[in-house]
Amino acid sequence: MPTEHDGRVARLQEALRLRGLDAALLLQAADVFYYTGTRQDAALWVRAGDEPLLLVRRSLARAREECRLRDVRPLPPGRDLPAALGPASRVGMTFDAVPVEVQRLWADALPGAELVDVSAAVRDQRSQKSAAEIERMRATARMLCDAYREIPSFLRPGVRELDLAAELEYRMRKGGNEGAPRLRRFNQELFIGLAVAGPAAAMPGGFDGPLNGRGLSPAAPNGASRRPVPRDAPILFDYTGIMGGYIVDMTRLAVMGRLAPGLERAFGVALEIQAELVRRLVPGEIPSRLWGRAKEMAEAAGLGSCFMGPPGAQARFVGHGVGLELDELPVLASGFDAPLREGQTVALEPKFVFPDLGAVGIENTWAVAPGGGVRITELPDDVIRV
């Protein structure tokens, strides 16, 4: 009986035929997992008109147990690769994720073959989730939401950002969280998420997002610090959850005491932006227009200078695709003009960052649908007040 993975391979083969390619060689871990169901150290060879072949460096036994495809073999020595793969003059490879040195090694093993970038085709296909993928993401979201519900039990005077992070991360791990999210972009790193409070939440940094936090050292310059959480300061819990490889992204705002009226107002604007974008998460909508509308609403509220980051260090998006990686397509940002499609999954995260006060905002993961965004992270958006 054909599996979901067979359908994924068939769609990739059609993309190869449309581009005049003989085959694709996929090496990046998330891509190989998407098409095969195993995340062993392996190379996936997909011919445009033949059975795919998974060549495994290690562990062959686990790959054969887990792989949803039929032809799984040990990776042969380089001199034997041409015979194993067969002739191919034009071969697709994901240049965005495979280092140049690895590309060269495979080019040597495929004499005479032209390597062609198929990153866009693979990422575009992966962006549109099946019903089974969305259900897997719902299971991830339930784990993450269950952990967030326990925040009031450990949010207390004298606690440090690091203590909050450890308490939440412990509960997530007990619930089955699989670890840090995969990011496709070069040199982008993130632990599981951020628990940041007050002015420390407004620290600029190298991570491409509205929040960075101070972190624990220059070598780990984002996330929670050892600083105590001030009373009446906004606290943001911005975490990813991962189960079965699939990521959801969610942020909630908390406070010990009372938020300043200006912060309460900014949080209300973030909710309004979320509601507007959710309404327009429909097939055919243009991501760049949603980004433009979010900025327009922030500016109309007098908050444009601190929308999506501290002044001078703002992120230039309001939402990003999620799935097997945290930075998938689509991106709600300028220049992203491919229409949304049903089944794409997007983390919407309108946030405001004030250098002297901290950050407020909301984030939930949604699926694009004809009636607007369908919520995956089913936890109330209310401020957690202690």
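From a predicted model like this one, the values you see are computed outputs, not experimental measurements. (Residues numbered from 1 in each chain as written. Predicted model: local features only at pLDDT ≥ 70, side-chain atom pairs only at ≥ 80, totals over all residues. Heavy atoms only, no water.)

## Brief notes about the overall build of the protein
Filter applied, for reference: For helices the rule is a DSSP run of H or I covering at least 4 residues; for strands it is a run of E covering at least 2, with both sets numbered from the N terminus onward. Burial classes follow relative accessibility: with a 1.4 Å probe on protein chains only, a residue under 20% of its type's maximum area counts as buried, one over 50% as exposed, and anything between as partly exposed. By the convention used here, residues are in contact when the closest approach between their heavy atoms is within 4.5 Å. Here the Shrake-Rupley method, with its probe set to 1.4 Å, supplies the accessible areas, and only the displayed protein chains count as covering residues. None of His or the chain ends enter the tally, which takes Lys and Arg as positive and Asp and Glu as negative. All charge positions are set by atom: Lys at NZ, Arg at CZ, Asp at CG, Glu at CD.
Broken down by element type, the protein carries 11 helices and 17 strands. With respect to the three principal axes, the spread of C-alpha positions in the protein is 70 × 40 × 40 Å. Out of the 386 residues belonging to the protein, those deemed buried represent 56%. Summarising the internal contacts of the protein: among those between residues at least 6 apart in sequence, 66% fall at separations of at least 24. Accessible surface for the protein amounts to roughly 16,500 Å². Of this, 53% is attributable to carbon and sulfur atoms. When the 48 basic and 49 acidic side-chain charges of the protein are each reduced to a single mean position, those positions are 2 Å apart.

## Quick word on the packing of aromatic side chains
Just so we agree on the cut-off: Stacked, edge-to-face and tilted are the three classes for Phe, Tyr and Trp ring pairs, Trp counted by its six-membered ring, which pair at centre distances within 6.5 Å; planes under 30 degrees apart are stacked, over 60 edge-to-face, the rest tilted. Remark: a charge is flagged as sitting over a ring if the NZ atom of Lys or the CZ atom of Arg is within 6 Å of the ring centre and within 35 degrees of the ring normal.
Going through the model one piece at a time under the given rule, you end up with 4 aromatic pairs. Judged by centre distance (6.5 Å) and plane angle (65 degrees), the ring pair of Tyr 148 and Phe 237 falls under edge-to-face. Residue Tyr 148 is found in helix H7 (residues 131-148), and its partner Phe 237 is found in strand S8 (residues 235-243); the two are separated by 89 residues along the sequence. For the pair Tyr 148 and Phe 237, one class covers both residues: buried. With a centroid separation of 5.3 Å and an interplanar angle of 40 degrees, the aromatic rings of Phe 307 and Phe 352 are classed as tilted. Note that Phe 307 is positioned in the loop between helix H11 (287-300) and strand S10 (319-321) and Phe 352 in strand S13 (residues 351-354), a separation of 45 residues in sequence. Put simply, the rings of Trp 291, Phe 307 and Phe 352 pair up and form one aromatic cluster. Above the face of the Tyr 34 ring, Arg 8 is positioned so that its terminal group lies 4.3 Å from the ring centre.

## Quick look at the packing of helix H10 (residues 261-279) against H11
To be explicit about the condition: All axes here are fitted lines through C-alpha atoms, helices being fitted over the stretch that makes contact, and every angle between N-to-C directions spans 0 to 180 degrees. With respect to orientation, any angle under 35 degrees is reported as roughly parallel, any angle over 145 as roughly antiparallel, any angle of 65 to 115 as roughly perpendicular, and every other angle as oblique. The sense of a crossing depends on the near helix, which, turned anticlockwise from the far helix by less than a right angle, makes the crossing left-handed and, turned clockwise, makes it right-handed.
At a minimum axis distance of 10 Å, the contact between H10 and H11 shows a crossing angle of 155 degrees. It follows that H10 is roughly antiparallel to H11 by the angle criterion. Of the two elements, H10 crosses H11, and the hand of that crossing is right-handed. Packed against H10, whose contacting residues are Glu 272, Ile 273, Glu 276 and Leu 277, the element H11 presents Leu 290, Arg 293, Ala 294, Met 297 and Ala 298 at the interface.

## Let's talk about the environment of Leu 253
Considering the arrangement of structural elements, one finds Leu 253 in strand S9 (residues 246-255). Along the sequence, Leu 253 and Pro 204 sit 49 residues apart, while their C-alpha atoms lie 19 Å from each other.

## Focus on the pattern of salt bridges
Applied cut-off: Whenever Lys or Arg places a side-chain nitrogen within 4 Å of a carboxyl oxygen from Asp or Glu, that contact is recorded as a salt bridge.
Under the defined criterion, the tally for this structure stands at 35 salt bridges. The salt bridge involving Arg 126 is made with Asp 31; its shortest N-O contact spans 2.6 Å. Separated by 95 residues along the polypeptide, Arg 126 in helix H6 (residues 119-127) and Asp 31 in helix H2 (residues 29-36) bring together distant segments of the chain. Overlapping salt bridges, with partners in common, bring together Asp 31, Asp 96, Arg 126, Lys 129, Arg 184, Glu 325 and Glu 328 in one network.

## What to know about the packing of H7 against helix H9 (residues 161-174)
Relative orientation of the contacting elements H7 and H9 amounts to 140 degrees, with a least axis distance of 9 Å. Judged by the angle between their axes, H7 and H9 are oblique. The way H7 lies across H9 gives a crossing that is right-handed. Two secondary-structure elements touch here, H7 through Met 143, Leu 144, Ala 147 and Tyr 148 and H9 through Leu 168, Arg 171 and Met 172.

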